[in-house]
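# Architecture at a glance
The primary structure of each chain is shown beneath.
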Amino acid sequence: MDPLLANTLAPVFALMAFMIPICWVIVTRMKIKHGYPLENAWGKAVYPKSSDEAVERIRLLSQENAQLRAELGSIKDRLGNVERIVTDGGTRLADEIDALRDQRNH
């Protein structure tokens with residue numbers, strides 16, 4: 001290797017050797033601050049979060065999710081009825097109402 005090139009690149013390598021660990025510490029600190037799980041070199045969690053509080057929170061969120069899905073299904077059904085009423089002809093709706101009245105009277 002050319003000595004001039006080595007002398008030119010030496011400060012760059014020294015700076016990189018200094019900056020890489022500092023950046024790693026900053027990224028790790030940000031992960032901890034924002035609640036991201038820490039990983040080792042193979043991608044496995046170092047400190048998996050499986051406390052009783054987290055399990056209870058997941059259970060409550062799952063229950064709320066099921067309730068919201070049921071409510072959404074009900075709203076979809078109601079919206080379908082409204083769409084049917086709006087898009088159907090006025091005479092057909094009137095005929096259906098009259099048919100229901102006739103059924104009630106008989």
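It should be emphasised that the depicted structure is a prediction, and the values quoted were computed from it without experimental measurement.

Parameters at a glance
Residues numbered from 1 in each chain as written. Predicted model: local features only at pLDDT ≥ 70, side-chain atom pairs only at ≥ 80, totals over all residues. Heavy atoms only, no water. Helix = DSSP H or I, 4+ residues; strand = E, 2+ residues; numbered from the N terminus. Rg over C-alpha atoms; globule rule 2.2 N^0.38 Å. Areas by Shrake-Rupley, 256 points an atom, 1.4 Å probe, with all protein chains shown as cover. Lys, Arg positive; Asp, Glu negative; His and termini not counted. Charge placed at Lys NZ, Arg CZ, Asp CG, Glu CD. Expected span 1.5 Å × (residues − 1). Bend = angle between axes of the 7 residues up to and from the residue. Patch = residues over 30% accessible without salt bridge, like charges linked within 9 Å, V, L, I, M, F, W, Y side chains within 5 Å. Salt bridge = Lys/Arg side-chain N within 4 Å of Asp/Glu carboxyl O. Buried < 20%, exposed > 50% of the residue type's maximum accessible area, 1.4 Å probe, protein only. pLDDT = per-residue confidence, 0-100.

## Details of the overall build of the protein
When helices and strands are tallied, the protein shows three helices and zero strands. Its C-alpha atoms give the protein a radius of gyration of 33 Å, clearly above 13 Å, the size a compact globule of 106 residues would have. On the principal axes, the C-alpha backbone points of the protein span a range of 105 × 40 × 20 Å. Total accessible area on the protein stands at roughly 10000 Å², and carbon and sulfur atoms take up 62% of it. Distance between charge centroids for the protein: 7 Å, based on 14 positive and 14 negative side chains.

## Topic: the environment of Leu9
Position of Leu9 relative to the elements: it lies in helix 1 (residues 3-33). For the pair Leu9 and Ile26, spaced 17 residues apart in sequence, the C-alpha to C-alpha distance is 26 Å.

## Here's the deal with helix 1
The end-to-end C-alpha distance of helix 1 is 45 Å, a good match for the 45 Å that 31 residues give at a rise of 1.5 Å each. Leu9 marks the point of greatest bend in helix 1, at about 35°, and the proline Pro11 comes within the next four residues. Where helix 1 ends, the next residue or the one after it, Gly35, has phi of about 80°, a positive value.

## Things to note about a nonpolar patch on the surface
On the surface, a cluster of nonpolar side chains totalling about 560 Å² of accessible area is made up of Leu15, Phe18, Met19, Ile22, Ile26 and Met30. Following the sequence through the fold, Ile22 ends up in helix 1.

## What to know about the pattern of salt bridges
Counted under the stated rule, the structure contains three salt bridges. With a closest N to O distance of 3.5 Å, Arg84 and Glu96 form a salt bridge. With Arg84 in helix 2 (residues 52-87) and Glu96 in helix 3 (residues 90-105), this residue pair connects regions lying twelve residues apart in the sequence. Take Arg84: its relative accessible area is 37%, and that puts it in the partly exposed class.

## Regarding the environment of Thr28
Along the polypeptide, Thr28 turns up in helix 1. Along the backbone, Thr28 and Ala14 are 14 residues apart, and their C-alpha atoms lie at a distance of 22 Å.

## Side note on the confidence of the model for the protein
In the predicted model, the protein carries a mean pLDDT of 85, and 92% of its residues have values of at least 70. When pLDDT is averaged over each element of the protein, helix 2 comes out on top at 90 and helix 3 at the bottom at 82.

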